[in-house]
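Residues per chain, in single letters:
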Amino acid sequence: MKISPAKTISITGLFVIFIILIIMHNSDKKTFDKIRESYLNWYFRSNPVTATWIGIHTYDAELPSNRMEDYVQDMNITISFLDQLKNINPEFLNKDDQVDYDMMVHSLNENIFHLRKIKSYTWNPMGPVWTLGSGYETLMGYEFAPKDDRATSLNGRIGATPEFLENARAILDIMPAPHIETAIAQCDGLISVIEEELPLFMEDLNLELAENLKQSGEEASEAIKKYQNYLSEKLKSGPHKDFRLGKELYSELLPFTLNEGISADEVLNRSRAELKSVQLEMLDLAVPLYEKLFGHPPSIRSHDEQLNVIEKVLDSIADDHVERHEVVKSAKETIDELNQFIMDKDLLTLDPSKPLEIRETPEYQRGFSIASLQAPGPLEDNLQTYYNVSPIPKDWSDEKAESFLREYNRISVKILSIHEALPGHYVQLYYANQHPSIIRSVLGSGVMVEGWAHYTERMMIEEGFGNWDPRYKLVQMKWKLRGIANAIIDQKIHAGDMTEKEAMELMVKETFQEEAEASAKWRRAQLSFGQLSTYFVGSTLMWDLKSDVEEKEGSNFNLKVFHEELLSHSSIPIRHLRRLMLD
């Protein structure tokens, strides 16, 4: 068969195009690898405390540079990386690299937004306290290297503390009162680390190193007290910055925080609709429980009557709680029960080699939330993971303590432990650490992380945790309402003018939170913006994803396979999970 010259040219042309595409693909892949490596090197140099957590120990003796010129330099470098990434066509990258590329571009743009418009380093005095506390604890609390080596690095960080705090003071301008008050209290925790925990850490060190640490500690303690006194003076004298972000900035910020292609208006509209829907579901559960408790059917003609029925049933559940000195112990006792249930139901594979320790929240972290999960970084193997639970402060009245204990009653504390530990944050993070991409750990999606934890609360109850007791479902739905309320108050406070009274009414009356919990959440909402919306958005998108995967797979759907596939991709935006799991 004779091939025409035209066809020969056509085939040759296609072959040439094919070769060009391969060259372009390889070229963009190599270029991206170099940019990603360069970015991570810069990131770890700029964020030595995060580097220590990740498992990069080159900068263990350092604290971040925090002069004004350092922030200017950060801006210039951020823009430079963004410009370099613009020269890459992500279509020529594989699927995993496309996710990393997108996360890097998003994070760089978000960083520019924060440096240009938020400028929290000029008004948030809590930032330096958190940096120091984490910087000390990553060296004192994690045994990734011989103690003498960690102590030498710790001496460097503690020794750098006075200059670090002086630089912070030089930049801080007008600050919000809630941030000043919280930073002052957290300074007490830092001082406690230096004056009480450091001497214990030093006990078996060689004399010279111990003496150096003692001297550095004394100077650091004085510097922290000086910073604390400075804040106390600012609190008294004012003026104080409004803690509200403002509608324009909040509308810009929230899409950056979420990274899911969702606007602030969409979040608010959906959360309001969900509030009413969940309340009606709770009413269906509460009515038969009410009849059992009180021996007669309730009146549910008005909205207030409906809320009253739900509240009375939740009140009866809240009566069963631990004593104020048993909060941390109560959290510990739930872990074995959760572990066994997950294995019995074969919901996902657990790793018994990953140690979990339940402990009191370090003082420098208190004042923000009741509980948290603190896990080692992806490059660390078999280091301790901490489930932090804040004890009831000693200065709380019996009435305030009782309110707190009712909020975290025996059923509710199990939902808390599902969220923070099993199969929530604890499990998600050790799955995430198995992924080879360090970018996904450094730039992990808060929406995915909180969405998974919030998702597991409902999933566990629907799988029968609590032996199908309807009270468990009712309490879980109260937690769902809490996530909805978080999103509403986050936006109504920072993009509007919601007052403390209005926020408390929403949380206490409409979502059944105890006064102590609602009061703490009001403070937390003042101290942060955007993060409180991640729970509702994340869990909503997570359940949407599960529904779509179920529909796609039909009778072949397996819950354990779904969970492990989802978690295997690390902490990436849920929109990327959709593409990887559904396309």
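In this text the structure is predicted, and so the values were computed from the model without any measurement.

Rules used in this analysis
Residues numbered from 1 in each chain as written. Predicted model: local features only at pLDDT ≥ 70, side-chain atom pairs only at ≥ 80, totals over all residues. Heavy atoms only, no water. Helix = DSSP H or I, 4+ residues; strand = E, 2+ residues; numbered from the N terminus. Rg over C-alpha atoms; globule rule 2.2 N^0.38 Å. Buried < 20%, exposed > 50% of the residue type's maximum accessible area, 1.4 Å probe, protein only. Core = buried A, V, L, I, M, F, W, Y, C linked by side-chain atoms within 4.5 Å. Contact = heavy atoms within 4.5 Å. Arc of directions from axis to C-beta. Axes fitted to C-alpha atoms, helices over the stretch in contact; angles between N-to-C directions. Parallel < 35°, antiparallel > 145°, perpendicular 65-115°, else oblique. Left-handed = near helix turned anticlockwise from the far one by under 90°. Nonpolar A, V, L, I, M, F, W, Y, C, P; charged D, E, K, R; others polar. Salt bridge = Lys/Arg side-chain N within 4 Å of Asp/Glu carboxyl O. Pairing = 2+ DSSP bridges. Phe/Tyr/Trp six-rings, centres within 6.5 Å; stacked < 30°, edge-to-face > 60°. Lys, Arg positive; Asp, Glu negative; His and termini not counted. Polar contact = N/O pair within 3.5 Å; in protein donor to acceptor, adjacent residues only side chain to side chain. Expected span 1.5 Å × (residues − 1). Patch = residues over 30% accessible without salt bridge, like charges linked within 9 Å, V, L, I, M, F, W, Y side chains within 5 Å. Areas by Shrake-Rupley, 256 points an atom, 1.4 Å probe, with all protein chains shown as cover. Charge placed at Lys NZ, Arg CZ, Asp CG, Glu CD.

Caption draft 1: Expanded view of the overall build of the protein chain. When you go through the protein chain residue by residue, the secondary structure sums to 23 helices and 3 strands. Whereas a compact globule of 583 residues would reach a radius of gyration of roughly 25 Å, the protein chain reaches 26 Å, a difference of no more than 12%. Along the longest, intermediate and shortest principal axes, the C-alpha atoms of the protein chain span 95 × 70 × 50 Å. When each of the 583 residues of the protein chain is scored for burial, the buried share is 54%.

Caption draft 2: Expanded view of the nonpolar core. Judged by nonpolar contacts, the single largest core of 144 residues is most densely connected at Tyr39, Tyr387 and Leu566. Looking at this core element by element, the count peaks at 12 residues for helix 18 (residues 470–494). Dropping the residues within four chain positions of it, Tyr39 is found in contact with Phe81, Met104, Ser107, Leu108, Ile439 and Leu443. Membership of the second largest hydrophobic core comes to 38 residues, among which are Val49, Val129, Leu154 and Tyr227.

Caption draft 3: Broad picture of helix 23 (residues 574–582). For helix 23, the complete set of buried residues consists of Ile574, His576, Leu577, Leu580 and Met581. Mapping the buried residues of helix 23 onto a view down its axis gives an arc of 150°, with all of them on the same face. Considering only its buried residues, helix 23 is in contact with helix 4 (95–118), helix 17 (446–462), helix 21 (534–553) and helix 22 (559–568).

Caption draft 4: Summary view of the packing of helix 17 against helix 22. Where helix 17 contacts helix 22, the two axes come as close as 12 Å, and the packing angle between them is 165°. Regarding the angle of helix 17 to helix 22, the classification is roughly antiparallel. In this structure, the crossing between helix 17 and helix 22 has a hand that is left-handed. Of helix 22, the residues touching helix 17 (which contributes Met448, Trp452, Tyr455 and Met459) are Leu559, Phe562, His563, Leu566 and Leu567. Residues that form the contact of helix 17 with helix 22 fall into these classes: 8 nonpolar, 1 polar and no charged.

Caption draft 5: The arrangement of the pattern of salt bridges in detail. As enumerated under the stated definition, the model contains 38 salt bridges in all. In this structure, Asp83 and Lys86 form a salt bridge, with 4.0 Å as the shortest nitrogen-oxygen distance. One end of the pair, Asp83, and the other, Lys86, are both in helix 3 (residues 68–86), 3 residues apart, so they sit about a helical turn from each other. Through salt bridges with shared partners, a single ionic network connects Lys29, Asp33, Arg36, Asp96, Asp97, Asp100 and Arg440.

Caption draft 6: A look at the sheet that holds strand 1 (residues 356–360). As summarised here, the arrangement of the 3 strands in space is 1-3-2, forming an open sheet in which the pairing is mixed. Looking along the sheet, the strands with just one partner apiece sit at the ends: strand 1 and strand 2 (371–374). Direction aside, the axes of adjacent strands within the sheet are offset by 20° on average. As paired strands, strand 1 and strand 3 (residues 385–389) are joined by 5 bridges and run parallel to one another. When the bridges of strand 3 are listed, Glu357 appears paired with Tyr386. Sitting on the sheet, helix 12 (residues 327–345) touches strand 1 and strand 3, and the angle it makes with strand 1 is about 165°.

Caption draft 7: The environment of Ile310, seen in detail. Mapped onto the elements of the fold, Ile310 is located in helix 11 (residues 303–318). The exposure class of Ile310 is buried, given its relative accessible area of 1%. Spatially, the C-alpha atom of Ile310 lies 19 Å from that of Ile461, the residues being 151 residues apart in sequence. Contact partners of Ile310, with chain neighbours within four places excluded, come to Gln279, Met282, Leu283, Ala286 and Phe512.

Caption draft 8: Quick peek at the packing of aromatic side chains. Taken as a whole and assessed by the stated rule, the structure comprises 23 aromatic pairs. Both rings, one in Trp123 and one in Phe529, keep their centres 6.2 Å apart while their planes meet at 50°; by these two values the pair is tilted. Highlighted residues: Trp123 in the loop between helix 4 and helix 5 (126–140) and Phe529 in the loop between helix 20 (515–527) and helix 21, separated in sequence by 406 residues. Note on accessibility: Trp123 and Phe529 belong to one class, buried. Relative to Trp479, the ring of Tyr408 has its centre 6.3 Å away and its plane inclined at 75°; by these criteria the two rings are edge-to-face. A residue pair is termed long-range when its members are at least 10 positions apart, and Tyr408 in the loop between helix 13 (398–407) and helix 14 (412–420) and Trp479 in helix 18 qualify at 71 residues. Ring pairing ties together the aromatic residues Tyr39, Trp42, Tyr43, Phe44 and Phe81, which thus form one cluster.

Caption draft 9: Region of the structure containing the side chain of Arg157. On the secondary structure map, Arg157 appears in helix 6 (residues 147–171). Look at Arg157: it is buried, it has no salt bridge, and the nearest opposite charge is Asp60 at 4.4 Å. A polar contact is formed between the side chain of Arg157 and the backbone oxygen of Asp60, at a distance of 2.9 Å.

Caption draft 10: The arrangement of helix 12 in detail. In a regular helix each residue adds 1.5 Å, so 19 residues correspond to 27 Å; helix 12 covers 28 Å between its end C-alpha atoms and thus fits that length. Among all positions in helix 12, only Val327, Val328, Ser330, Ala331, Thr334, Ile335, Leu338, Phe341 and Ile342 are buried. Check the buried side of helix 12 and you find it contacts strand 1, strand 3, helix 13, helix 14 and helix 17. Positive phi appears at Asp346, one or two residues downstream of helix 12, with a value of about 55°.

Caption draft 11: Molecular detail of a negative patch on the surface. Together, Asp188, Glu196, Glu197 and Glu363 line one region of the surface with negative charge. Relative to the helices and strands, Asp188 is located in helix 7 (residues 177–202). Owing to a relative accessible area of 42%, Asp188 belongs among the partly exposed residues under this scheme.

Caption draft 12: Region of interest: the environment of Leu275. In this structure, Leu275 sits in helix 10 (residues 264–294). Linking Leu275 and Lys480, residues 205 residues apart in sequence, is a C-alpha distance of 9.1 Å. Setting aside anything within four residues of it in sequence, one finds Leu275 in contact with Leu481, Ile484, Ile488, Leu506, Glu510 and Thr511.

Caption draft 13: A look at the packing of helix 21 against helix 23. It is at 10 Å that the axes of helix 21 and helix 23 come closest, and there the two elements cross at 10°. As summarised for this structure, helix 21 and helix 23 are arranged roughly parallel, according to the angle between their axes. Seen from helix 21, the contacting residues are Gly538, Leu541, Met542, Asp544, Leu545, Asp548, Val549 and Lys552; seen from helix 23, they are Ile574, Leu577, Arg578, Met581 and Leu582. Residues of the contact of helix 21 with helix 23, tallied by class, amount to 8 nonpolar, 1 polar and 4 charged.

Caption draft 14: Seen up close, the environment of Lys414. Note on placement: Lys414 falls in helix 14. Sequence-wise, Lys414 and Ala331 are 83 residues apart; in three dimensions their C-alpha atoms are separated by 7.3 Å. Residues within four places of Lys414 in sequence aside, it is in contact with Thr334, Glu337, Leu338, Phe465 and Tyr472. Of note is the side chain of Lys414, whose polar atom sits 3.3 Å from the side chain of Glu337.

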